[in-house]
Amino acid sequence: MQRCGVIICRYSTVYDPNEKTFDKILIANRGEIACRVIKTCKKMGIKTVAVHSDVDSSAVHVKMADEAVCVGPAPTSKSYLNMDAIMNAIKQTGAQAVHPGYGFLSENKEFAKRLEAEGVTFIGPDTHAIQAMGDKIESKLIAKAAKVNTIPGFDGVVKDAEEAVKIAGEIGYPVMIKASAGGGGKGMRIAWNDEETREGFRFSSQEAASSFGDDRLLIEKFIDNPRHIEIQVLADKHGNALWLNERECSIQRRNQKVVEEAPSTFLDPDTRRAMGEQAVSLAKAVKYSSAGTVEFLVDTKKNFYFLEMNTRLQVEHPITECITGLDLVQQMILIAKGYKLQQKQSDIPINGWAIESRVYAEDPYKSFGLPSIGRLSQYQEPLDLPNVRVDSGIQEGSDISIYYDPMISKLVTYGKTREEALKKMEEALDNYVIRGVTHNIPLLREIIVHPRFVSGDISTKFLPEVYPDGFKGHMLTAGERRELLATAAALYVAAQLRSQKFLGDLRVSIVPAESRQWELCVELDQGVHMLGVSRSGNNYTVSKIVQNITSHFKLRVLSKLAAYLSKHMPEKIPEDTSSILRSPMPGSVVAVSVKPGDNVAEGQEICVIEAMKMQNSMTAAKTAKVKSVHCKAGDTVGEGDLLVELE
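Residues numbered from 1 in each chain as written. Predicted model: local features only at pLDDT ≥ 70, side-chain atom pairs only at ≥ 80, totals over all residues. Heavy atoms only, no water.

The name that an unreviewed UniProt entry assigns to the chain is Propionyl-CoA carboxylase alpha chain, mitochondrial, with the source organism given as Sinocyclocheilus anshuiensis. Within the UniProt record for the chain, the comment given under Pathway (unreviewed entry) is "Metabolic intermediate metabolism; propanoyl-CoA degradation; succinyl-CoA from propanoyl-CoA: step 1/3." Under the heading Subcellular location (unreviewed entry), UniProt records this for the chain: "Mitochondrion". (UniProt positions renumbered as here; feature names shortened; annotations may be inferred.)

(A) Molecular detail of the pattern of salt bridges. Evaluated as defined, the whole model comprises 38 salt bridges. Between D56 and R30 there is a salt bridge, with its nearest N and O atoms 2.7 Å apart. Placement of D56 in the loop between strand 3 (47-53) and helix 2 (60-64) and of R30 in the loop between strand 2 (24-27) and helix 1 (31-43) is noted, with a sequence separation of 26 residues between them. Comparing D56 with R30 shows no difference in burial state: the two are buried. Of the charged contacts in the structure, one is a salt bridge between E321 and R389, with a shortest N-O distance of 2.9 Å. With E321 in helix 10 (residues 317-324) and R389 in strand 22 (residues 388-392), this pair connects stretches of sequence that are 68 residues apart. No difference in accessibility class separates E321 from R389, as the two residues are buried. Within this structure, E230, R247, K257, E260, E295, E316 and R358 form a network of salt bridges that share partners. (Salt bridge = Lys/Arg side-chain N within 4 Å of Asp/Glu carboxyl O. Helix = DSSP H or I, 4+ residues; strand = E, 2+ residues; numbered from the N terminus. Buried < 20%, exposed > 50% of the residue type's maximum accessible area, 1.4 Å probe, protein only.)

(B) Inspection of the nonpolar core at higher detail. Membership of the largest hydrophobic core comes to 37 residues, with the highest contact counts inside it found for I251, I408, L411, Y432, I434, I447 and F453. Counting residues in hydrophobic clusters, the runner-up holds 33 residues, among them V37, A97, L313 and L341. (Core = buried A, V, L, I, M, F, W, Y, C linked by side-chain atoms within 4.5 Å.)

(C) Layout of the sheet that holds strand 36 (residues 614-619). Taken in spatial order, the four strands line up as 36-35-33-38 in an open sheet, and their pairing is antiparallel. The outermost strands of the open sheet, each flanked by one partner alone, are strand 36 and strand 38 (636-637). Sheet topology note: the strand 33 (residues 587-592)/strand 38 ladder contains two bridges and is antiparallel. Pairing of S588 across the sheet is with T636, part of strand 38. Strands strand 35 (605-611) and strand 36 of the sheet are contacted by helix 8 (residues 194-212), whose axis makes an angle of about 140° with strand 36. (Pairing = 2+ DSSP bridges. Contact = heavy atoms within 4.5 Å. Axes fitted to C-alpha atoms, helices over the stretch in contact; angles between N-to-C directions.)

(D) Structural view of the side chain of D299. Structurally, D299 can be placed in the loop between strand 14 (290-298) and strand 15 (304-310). Buried charged residue D299 carries no salt bridge. Nearest counter-charge: K301, at 7.1 Å. In terms of polar contacts, D299 uses its side chain to reach the backbone amide nitrogen of K301, at 2.9 Å. For D299, the residues in contact, after removing those within four places along its chain, are I223, F266 and Y305. (Lys, Arg positive; Asp, Glu negative; His and termini not counted. Polar contact = N/O pair within 3.5 Å; in protein donor to acceptor, adjacent residues only side chain to side chain.)

(E) Structural detail: the packing of helix 12 (residues 418-430) against helix 13 (residues 441-449). Following both chains from N to C, one finds helix 12 and helix 13 inclined at 160°, their axes separated by 10 Å at the closest point. With respect to helix 13, the element helix 12 is oriented roughly antiparallel. Regarding helix 12 and helix 13, the two cross each other, and that crossing is left-handed. Residue-level inspection shows L422, M425, E426, L429 and D430 of helix 12 in contact with helix 13, the latter providing I441, L444, R445, I448 and V449. (Parallel < 35°, antiparallel > 145°, perpendicular 65-115°, else oblique. Left-handed = near helix turned anticlockwise from the far one by under 90°.)

(F) Representation of the environment of A354 within the structure. For A354, the location among the structural elements is in strand 17 (residues 353-360). Take A354: its relative accessible area is 0%, and that puts it in the buried class. Residues contacting A354, with those up to four places away along its chain left out, are E260, E261, A262, I319, C322, I323, T413 and Y414.

(G) Structural detail: a nonpolar patch on the surface. Together, L561, Y564 and L565 make up a nonpolar patch on the protein surface, roughly 340 Å² of accessible area in all. With respect to the helices and strands, Y564 occurs in helix 17 (residues 560-566). (Patch = residues over 30% accessible without salt bridge, like charges linked within 9 Å, V, L, I, M, F, W, Y side chains within 5 Å. Areas by Shrake-Rupley, 256 points an atom, 1.4 Å probe, with all protein chains shown as cover.)

And the structure:
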């Protein structure tokens, strides 16, 4: 049993040598989920094969596996989505089964068919269930037939933007435009009027084609202010199915989850049971066999509506493992081999509380998280804390690139109560060390201590409601500001004293060893603070603090002389951002809509940048004429690269 400190983290992989499964499993994925699958395989005595792109040759999952095969260059279409290369890797290594993880080929029925044709076991449901639940139109019809609550909407494929407008008008705004084959928040747009419907149709089509190779869309009523609550199901090949309680996944940005917890603060036992029974009913309707997740939208009156079924392991599966004690990867392997479920519904507990924070290489100050790339110059997970679990696939020195999802890790904390789990999450986030890339820990920490989140008053609109002008960072209290300024000043002095020593001795002994005074200027954002620092032994005293109101943690400490001289330094003239368009993130140019000499209106689309499979429309800041265009479709751009100049 894996322990997370004093309390057992209810996640056990019990290896029974009499339970023969597979000798060798290939993991058709990368990163943290590949590492997660390999861990369970090792506990079960199963050899593993990793596949990797050329840029992932030194990745953690490659080092963990018993064997590794390169399946192509960095772009996913040429490596992790390259079915021919992966099939060759299976033949080359003699793998008997494939675990697909999530994303990539995990819900690709053609891949499952090819494995079946070669006599290789797909660790997941059969192709019928993948196809039925992978198509949002078909899945909705099956759900209706299985007496599962569904959202009102149009059940057919939307042909073009004008038909989308017509359908939206009939359903009534707001509407959700979504990819039929979609998932993970990709290919989804909310529209509140006809113009947003046309634009949403175009972007959702492009994202769906890019992410899933299928640009079909559907439209349904958008449930305003809902919670996103999902039910984990487990079903075998003998008609047995269980629901493993719920996960609350309402904290989202751009329809992608950020913080999840199990169980939900919102559900009562009756609603939980009703949702669980409907989820199992749907699983049985498609003869489902494996781990899967049925997602629901739940309104303020606890009415719940079927959203979609993910026929794979979910990113947030660890929190279900923590409160139920089941290793879901082990269960998937046993089910794939043909074993019956050993548990009954009455055996499934809710033991304690678990919370997961998705730690991303993102800038949370830009749209709650635009991707950041770079090398992890420092990386330390808070694993020395009790009741903490970190699922990751990176290490110090790893590169975060534009080619793959920017997730760094999944940080999970567990407690006997929600309060205990939240306190542990706060401590874990404070002890996480990440250098080299911008990360979203400041946002995660603000979320989990926010009074609305702590009280359980959340919905999918939490982030835009709590931060209507975007996330600006932690707002310092007067006491916190004083503490931060004093700490910065003391650290500056300590660093100055260290620099005077050589091999433990003072370079020049011109000051008393026990006492000295410093006058410093500390800049904290727009605030300037004059501080006096004195040292006696190992103690520092900071005084003369002049209070100024500020909000960020950008600190600069100068000596009194340096602060005086800095006033005479020329200031950099701010760039006129209304006349230029720079890329806000690293990515690739999907389309350029203008050319030199064109007249553009304020808010008009100029180009589209794709980052981590998400498309972002870049628009003009003013009405003007296009002076020059510095990019073209297919170009790779970095953060801050010049795209277009306006006159």
